[in-house]
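Listed here are the chains, written in short residue letters.
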Amino acid sequence: MKKISRLWIIIPLLTLFVYSCKKEQEPMTNSMDQSLIEKSQQIIQRIEAFDTKLTGNFKSGENISVDSLVWYTEALENYNNARPDLAYESFVVSKTTYTATLDNGNLSMQDAAALFSSMQTDLETELANLDPTDDKLKLTDVALDSIEGNTAYLSANRVFGINIAVLYDEFEEDDDWIWGTMSGPLAGKCDGTMIGVSDGSDELQRRLNNPNFAFDQQYVIVDLVTIEYINGIEWIDNNGGPLLFWINDQQPDYDWYYCLTNEALTEQLTNAHTILYNYEGDGGVRPQGLDLSNVIIVDDFFSHLGVSNLLHNYHATYGTKVLKPIDD
């Protein structure tokens, strides 16, 4: 462009928005929402208390019923590991069986801790065997299959999501674009095509403003705040390299028509998303409590102390989201 909670357990929460790839926490808008959140918090407290008993020194002499064991192990594994909020292209299912020795329908917390430890070992093994490695556990369903004498037979039925659906349109193999345009028609692709149609910054901007998720209710943005000049000079990685496009004539590959390959643009898109959506103090620029409205990328050139620089300057506008009444 030219110049310019960790709550992954399956709880039926009522949400105002439907995301295909990512969920953002939204403020509650009615008493029903609030009551469900309070119920969720109570459930989390129960799960965390159970986790504390398993990992702490509080389980000596305490017993747990087999029905409670089923509920707590299922809830804790989902709470710690599952990502039902993500969209996946496909799924694989596994079933692993376990046994527990009972005493009048109960078992000791020591035995419960050992059983859950086995479950976690099996889960880690299954996740390690998935390919690609960004596949995730979607859910675990623990069931009591039978009780024979003093032995309980349980099973953990796990659903793994394969290939997380992309948040933005992907850059294809031939999506190699000139970084930006300082004057004249848009610079186009690195192979000399698409001149006047688009360039690297336009392709990034289009994706950032059109993610692959939608809201199921109309809204307006108020209390707008624009953060300007977000760029690779300020945002650098652990090796000192720019997270957003920035190149100067001290680098051997400096070129007025510098080519951003599809791999480089994919990395730029990922970095930009993180910076724009993470809150201040947590690796991003997003003001607390505000939502991203739109992004403008300005192609820029400047010279300082005899060094010429080409870069993308991001201008991000945030605000408070206000829902519009739903028409009958």
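Residues numbered from 1 in each chain as written. Predicted model: local features only at pLDDT ≥ 70, side-chain atom pairs only at ≥ 80, totals over all residues. Heavy atoms only, no water.

Asks: Account for the packing of helix α4 (residues 200-208) against helix α5 (residues 262-277), naming residues and giving values.
Replies: It is the contact of α4 with α5, at a shortest axis distance of 10 Å, that shows an interaxial angle of 45 degrees. Taken together, α4 and α5 sit at an angle that is classed as oblique. Where α4 crosses over α5, the two elements pack in a sense that is right-handed. Note on element contacts: α5 touches α4 through L265, Q268, L269, A272, H273 and L276, opposite G200, L204, R207 and L208. (Axes fitted to C-alpha atoms, helices over the stretch in contact; angles between N-to-C directions. Helix = DSSP H or I, 4+ residues; strand = E, 2+ residues; numbered from the N terminus. Parallel < 35°, antiparallel > 145°, perpendicular 65-115°, else oblique. Left-handed = near helix turned anticlockwise from the far one by under 90°. Contact = heavy atoms within 4.5 Å.)

Asks: Break down the state of the cysteines for me, citing the residues and quoting the values.
Replies: The final tally for this structure, using the stated rule, is 1 disulfide. Here C190 connects covalently by a disulfide to C259, the sulfurs 2.0 Å from one another. Residues C190 and C259 are joined through a disulfide that is right-handed, its torsion about the S-S bond being 100 degrees. Of this pair, C190 sits in the loop between β6 (177-178) and α4 while C259 sits in strand β9 (residues 259-260), and the two are 69 residues apart along the sequence. (Disulfide = S-S within 2.5 Å.)

Asks: Can you explain the packing of helix α2 (residues 66-81) against helix α3 (residues 109-128)? Please cite residues and give values.
Replies: Working note: a packed helix pair is described by the angle between its axes plus the distance between those axes. Remark: α2 packs on α3, axes separated minimally by 11 Å, with the N-to-C direction vectors making an angle of 40 degrees. Our classification of the angle between α2 and α3 gives oblique. Relative to α3, the crossing made by α2 is right-handed. Residues L69, T73, L76, E77 and N81 of α2 lie in contact with α3, whose contacting residues are A112, L115, F116, M119, Q120 and L123.

Asks: How would you summarise the environment of F302 if you had to cite specific residues and measurements?
Replies: Within the fold, F302 resides in strand β10 (residues 291-304). The sequence separation of F302 and N248 amounts to 54 residues, and the corresponding C-alpha distance is 9.5 Å. In this view, F302 contacts I233, V307, S308, N309 and L311; residues no more than four positions away in its chain are not counted.

Asks: Outline the pairing of β10, listing residues and values.
Replies: By the bridge criterion, 13 bridges tie β10 to strand β11 (residues 307-323) in an arrangement that is antiparallel. The residue of β11 that forms the bridge with L292 is Y318. Linking two consecutive strands that pair antiparallel, namely β10 and β11, is a turn of 2 residues; a positive phi of about 55 degrees is found at L305 within it. (Pairing = 2+ DSSP bridges.)

Asks: Tell me about the packing of aromatic side chains, and please be specific about residues and values.
Replies: Summed over all chains, the structure comprises 5 aromatic pairs. An angle of 25 degrees between the planes, with centres 5.2 Å apart, marks the rings of W179 and F245 as stacked. Separated by 66 residues along the polypeptide, W179 in the loop between β6 and α4 and F245 in the loop between β7 (219-230) and β8 (246-248) bring together distant segments of the chain. Exposure class is identical for W179 and F245. Each is buried. Aromatic ring contacts, followed pair by pair, group F50, W71 and Y72 into a single cluster. Just above the ring of W71 sits the side chain of R46; from NZ or CZ to the centre is 4.3 Å. (Phe/Tyr/Trp six-rings, centres within 6.5 Å; stacked < 30°, edge-to-face > 60°. Buried < 20%, exposed > 50% of the residue type's maximum accessible area, 1.4 Å probe, protein only. Lys NZ or Arg CZ within 6 Å of the ring centre and 35° of its normal.)

Asks: Summarise the pattern of salt bridges; cite the residues concerned and give the values.
Replies: By the definition in use, this model includes 10 salt bridges. In this structure, the salt-bridge partner of K189 is D175, at a minimum N-O distance of 3.9 Å. Of this pair, K189 sits in the loop between β6 and α4 while D175 sits in the loop between β5 (151-164) and β6, and the two are 14 residues apart along the sequence. K189 gets classed as buried once you look at its relative accessible area, which sits at 12%. (Salt bridge = Lys/Arg side-chain N within 4 Å of Asp/Glu carboxyl O.)

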